[in-house]
Amino acid sequence: SHVKAPSSLGPSFLHGLHPLPSQLPPQPLYQTRQFWFVGDLKIELQASKQREATLEAALAEKEFAEEECRKKVDEAKKREASLENDLANMWVLVAKLKKEGGAIPDSKSRGCHRVFFF
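Caption draft 1: The arrangement of the overall build of the protein in detail. Counting its secondary structure elements, the protein contains 2 helices and 0 strands. Sorting the 118 residues of the protein into buried and exposed places 3% on the buried side.

Caption draft 2: Region of interest: the pattern of salt bridges. This structure, assessed with the given rule, holds 3 salt bridges. The shortest N-O distance in the salt bridge between Arg70 and Glu66 comes to 2.4 Å. Of the two residues, Arg70 and Glu66 both sit in helix H2 (residues 29-100), 4 residues apart, roughly one turn of that helix. In this structure, Glu68 and Lys71 form a salt bridge, with 3.8 Å as the shortest nitrogen-oxygen distance. On the criterion of helical spacing, the pair formed by Glu68 and Lys71 is a turn pair, its members being 3 residues apart in helix H2.

Rules of the game
Residues numbered from 1 in each chain as written. Predicted model: local features only at pLDDT ≥ 70, side-chain atom pairs only at ≥ 80, totals over all residues. Heavy atoms only, no water. Helix = DSSP H or I, 4+ residues; strand = E, 2+ residues; numbered from the N terminus. Buried < 20%, exposed > 50% of the residue type's maximum accessible area, 1.4 Å probe, protein only. Salt bridge = Lys/Arg side-chain N within 4 Å of Asp/Glu carboxyl O.

Given below as structure tokens:
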């Protein structure tokens with residue numbers, strides 16, 4: 001219920017009663033702040049999602065590399081066990097050869113070795 005001002009009061013009086021649409025705030029101030037806050041939250045959420053995706057990719061790479069390392073360690077352990085088994089078998093053969101008087105290098109023979117074939 002605006003009261004029309006007499007034109008004798010001048011344009012400043014009319015301007016105060018009837019502001020131009022371009023001079024009206026688009027939204028109340030709290031809505032503007034809320035809009036920017038929501039916008040900031042959306043940006044922050046997007047950044048958080050990107051960080052999460054990056055971290056998940058890094059974790060997947062790490063888990064893959066860790067699994068590859070585990071496989072290599074398991075293979076190395078199997079190879080080590082096989083070599084230890086071969087060494088044990090060699091010591092058994094050395095013991096048999098010593099017992100039978102076979103070809104055993106003599107460290108005192110200064111490079112000369114007696115070789116016997118069975």
